[in-house]
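Now for the letters of each chain:
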Amino acid sequence: MSTSTAASTPVAAATAPRRIPSSLAAVAGIVAAASALAVGELFAAFVTGAPSPVAAMGAALIDFAPPGSKDIIVGLFGTNDKPALLVLVAVVVLAVGAALGLVARTRPAVAMAGIVVLVGVGFLASLRLAEAQLALVLLSAALQAIVGIQVLSVLLAAAPAVDAAGGVAPGTGAAGTRRGFLLRAGGLGALAVMGGALGRSMVEGRATQVATAGAEIPQPVDAAPTPAPDSSFDIAGLTPLVVPNSSFYRIDTALVTPSVDVNGWTLRVHGMVRNEVTLTFAQLVELPLHEQYVTIACVSNEVGGQLVGNAKWTGVRLTDVLDMAGVLPGATQIVPRSIDDWAAGFPTEWVTAPERPRDALIAVKMNDEPLPAAHGFPARLIVPGLYGYVSATKWLSEIELTTLEAFDAYWVPRGWAKEAPILTQSRIDVPARNARVAAGPVAVAGVAWAPDRGISRVEVQVDDGEWQPATVATPIGPQTWVQWKLAWQATAGDHRLSVRATDGLGEVQTDMVTRPDPDGARGYHQIAVSVA
Ligand SMILES: Nc1nc2c(c(=O)[nH]1)N[C@H]1C(S)=C(S)[C@@H](COP(=O)(O)O)O[C@H]1N2
Ligand SMILES: [Mo]
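Residues numbered from 1 in each chain as written. Chains lettered and ligands numbered in written order. Predicted model: local features only at pLDDT ≥ 70, side-chain atom pairs only at ≥ 80, totals over all residues. Heavy atoms only, no water.

A closer look at the packing of aromatic side chains
Here's step 1: In total, this model carries eight aromatic pairs according to the counting rule given.
Here's step 2: Through successive ring pairs, a cluster of aromatic residues spans Phe248, Tyr249 and Trp313.
Here's step 3: For the cation-ring pair, Arg358 lies above Trp350, with the distance from its terminal atom to the ring centre recorded as 3.5 Å.
Here's step 4: A cation over a ring is seen here: Lys485 above Phe233, with NZ or CZ 4.4 Å from the ring centre. (Phe/Tyr/Trp six-rings, centres within 6.5 Å; stacked < 30°, edge-to-face > 60°. Lys NZ or Arg CZ within 6 Å of the ring centre and 35° of its normal.)

A few points about the packing of helix α2 (residues 22-46) against helix α7 (residues 134-158)
Two numbers describe a pair of packed helices, the interaxial angle and the distance between the axes.
Here's step 1: Relative to each other, α2 and α7 sit at 155°, their axes nearing to 8 Å. The orientation of α2 relative to α7 falls into the category roughly antiparallel. Like other packed secondary-structure pairs, α2 and α7 cross with a definite hand, here right-handed. Along its contact with α2, which presents Ala28, Gly29, Val31, Ala32, Ser35, Ala36, Val39, Gly40 and Phe43, the element α7 presents Leu136, Leu139, Ser140, Leu143, Gln144, Val147, Gly148, Val151, Leu152, Leu155 and Leu156.
Here's step 2: In terms of residue class, the contact of α2 with α7 is made up of 14 nonpolar, six polar and no charged. (Axes fitted to C-alpha atoms, helices over the stretch in contact; angles between N-to-C directions. Helix = DSSP H or I, 4+ residues; strand = E, 2+ residues; numbered from the N terminus. Parallel < 35°, antiparallel > 145°, perpendicular 65-115°, else oblique. Left-handed = near helix turned anticlockwise from the far one by under 90°. Contact = heavy atoms within 4.5 Å. Nonpolar A, V, L, I, M, F, W, Y, C, P; charged D, E, K, R; others polar.)

Examining the sheet that holds strand β12 (residues 435-437)
Strand pairs in the sheet, formed through backbone hydrogen bonds, run parallel or antiparallel to each other.
Here's step 1: Strand order in this open sheet of five strands is β12-β19-β18-β14-β15, and the pairing throughout is mixed. Edge positions in the sheet fall to β12 and β15 (467-469), since each has one partner strand and no second. Between one strand axis and the next, the sheet turns by 35° as a mean value, whatever way the strands run. (Pairing = 2+ DSSP bridges.)

Some words on the site of ligand 1
Here's step 1: What surrounds ligand 1 is a group of 20 residues, the closest being Tyr249, Thr253, His375, Arg380 and Lys394.
Here's step 2: Between Ser338 and ligand 1, the recorded distance is 3.4 Å, taken from a side-chain N or O atom to a nitrogen atom.
Here's step 3: One of the side-chain nitrogen or oxygen atoms of Trp342 is found 3.3 Å away from an oxygen atom of ligand 1.
Here's step 4: In the complex, the protein chains occlude 100% of the 530 Å² of accessible area that ligand 1 would expose alone.
Here's step 5: Across the shell around ligand 1, the residue classes tally to nine nonpolar, five polar and six charged. (Near = heavy atom within 4 Å. Polar contact = N/O pair within 3.5 Å; in protein donor to acceptor, adjacent residues only side chain to side chain. Areas by Shrake-Rupley, 256 points an atom, 1.4 Å probe, with all protein chains shown as cover.)

Thoughts on the pattern of salt bridges
Here's step 1: In total, this model carries 18 salt bridges according to the counting rule given.
Here's step 2: Asp503 serves as the salt-bridge partner of Arg453, at 3.1 Å between the closest nitrogen and oxygen. Separated by 50 residues along the polypeptide, Arg453 in the loop between β13 (440-449) and β14 (455-462) and Asp503 in strand β18 (residues 493-503) bring together distant segments of the chain. Grouping residues by exposure puts Arg453 and Asp503 together as buried.
Here's step 3: Salt-bridge contacts for Asp464 lead to Arg496; the nearest nitrogen and oxygen are separated by 2.9 Å. A residue pair is termed long-range when its members are at least 10 positions apart, and Asp464 in the loop between β14 and β15 and Arg496 in strand β18 qualify at 32 residues. (Salt bridge = Lys/Arg side-chain N within 4 Å of Asp/Glu carboxyl O. Buried < 20%, exposed > 50% of the residue type's maximum accessible area, 1.4 Å probe, protein only.)

Overview of the sheet that holds strand β2 (residues 277-280)
Here's step 1: Spatial ordering of the open sheet is given by β2-β1-β10-β5-β6, a layout of five strands whose pairing is mixed. The open sheet has two edge strands, β2 and β6 (346-347), and neither has a second partner.
Here's step 2: Strand direction decides the pairing type here: strand β5 (residues 333-338) and β6, joined by two bridges, are antiparallel. Opposite Gln333, over in β6, you have Pro347 as the bridge partner.
Here's step 3: Where helix α10 (residues 318-325) meets the sheet, it contacts β1 (266-271), β2, β5, β6 and β10 (396-402), and its direction lies at approximately 130° from that of β2.

A few points about the nonpolar core
Here's step 1: Leu284, Trp313, Leu318, Phe346, Ile362, Tyr389 and Ile399 are the most contacted members of the largest nonpolar core, which totals 86 residues.
Here's step 2: Among the elements that take part in this core, helix α3 (residues 53-64) stands out by supplying seven residues, more than any other.
Here's step 3: Those residues in contact with Ile399, other than ones at most four positions away along the chain, are Leu267, Arg268, Val269, His270, Leu318, Leu322, Ile334, Val335, Pro336 and Ile362.
Here's step 4: One finds Val31, Ala104, Ile115 and Val119 within the second-largest nonpolar core, a separate group that totals 25 residues. (Core = buried A, V, L, I, M, F, W, Y, C linked by side-chain atoms within 4.5 Å.)

Digging into the confidence of the model for the protein chain
Here's step 1: Summing up the model confidence of the protein chain, the mean pLDDT is 90 and the portion of residues at 70 or higher is 90%.
Here's step 2: Overall, residues 1-16 carries pLDDT values under 50, and its contacts beyond four positions in sequence, including any with other chains, amount to three contacts. (pLDDT = per-residue confidence, 0-100.)

Concerning a nonpolar patch on the surface
Here's step 1: On the surface, a nonpolar cluster with roughly 310 Å² of combined accessible area is contributed by Leu61, Leu88, Val92 and Val96.
Here's step 2: Per-element accounting of the nonpolar patch gives the leading share, three residues, to helix α5 (residues 81-104).
Here's step 3: With respect to the helices, strands and loops of the structure, Leu88 is situated in helix α5.
Here's step 4: Given a relative accessible area of 43%, Leu88 falls into the partly exposed group. (Patch = residues over 30% accessible without salt bridge, like charges linked within 9 Å, V, L, I, M, F, W, Y side chains within 5 Å.)

As structure tokens, then:
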């Protein structure tokens, strides 16, 4: 009979399992996951109180990361660790989406449940954040799940099915063509990418807008003098004495830069004090404003690294605010916390000891501008001589007086030292590492720092030769770095340059090499140079 082949085909289709090709199923899953992510980002962009699920998952990753992995993240990605982490989270989510697409070929219900679980992870991560409001986070998660499930169903229905032999199974009714599937998947995928990117850029953009608005800051009572001409050298490639805000290093755990409305902002001083004090921004900046140059550094900075910078800071003396509250005897630790609940912690003695008082500032300006959002708007702490993680809280919201035993700052239980004064370090900026230079006089120059002991000497060694004294520029003060330079008579061949500094107390920088954890990297910065 002429119908024999037509009649046999449905039988074959019914016995051999018909499936969507795995590549298309994976694409369907990826597009579904991307759509759910995009909904989450857009929701976060328009509704405060529902944080970005991608950022929330990244934050959870940072928080649950084992000690030392901050180094790995910073090391791998430099100061671009945040975007890289967000990309990593998104890639993992899309990979899970692809897997769910494959599962959906045989067990659609399990795949749909998988999407709910995936959205649920973002939901739980979001709830950990300070700005999260349960109802809004729940609403966002519900929308993400609905959209994810819808997109997956639509794409699966649009995909062509194949029989066991790989041929397209005819007479399957709902199943579509490869072309139709790809058009739908491409369209929905493009929408998801555009929506997600728009949401992301809106979330990031908001942080910078708020920061530039509405902060009236009076003039300081003692303006820091402009550094004298002899405090810096004019050498191409040498780090500027004062680092501009736009190129200042940035380190923090905040995946989304906190955007603080200065009008609602307060600083609360509490704990072991006679009277708790709460100041609005206007009340804070009515107190005498002081100005000083201070070099701050990150404990994660490798020898020769860039996680250190010097700026002019304007702010209220920490001790003025502490005096308003009246610190009780026995309050051995100062714990400054941020609006995103990050905390530093350092000995009260560091800023109050009469024999060595350090002018710690509650800074509101950086290089004559209101603090940039990335550097802690509207107020942060700057404590001369201590690494950032124990002292330099950005987006400051409260200062608690407690004991050293009662509380450990954020990074301490994660494997970093409880007390962390900045180690003496020096760096060669020019010539660049592995540079090729012509024989004859070559300018060697860099920076050296030991806040707040100051730098008394910098020496350079060529290969295994004598240590030669470098010319040190006039320091602005003991709490800032100095530039140094040396005219080197370079001879042909490959050479190694080393640098070492001596602090203001006469102590030579140690050559004992250590890793950054737990209390800062030690050792001399050395570079290779070839001279022709
Ligand atoms: N709120 C908050 N403040 C913070 C941090 C943080 O993670 N959160 N990181 C600290 C660390 S480790 C350093 S080194 C300095 C860096 O300051 P900067 O980004 O302005 O250079 O900020 C400190 N203040
Ligand atoms: Mo740091």
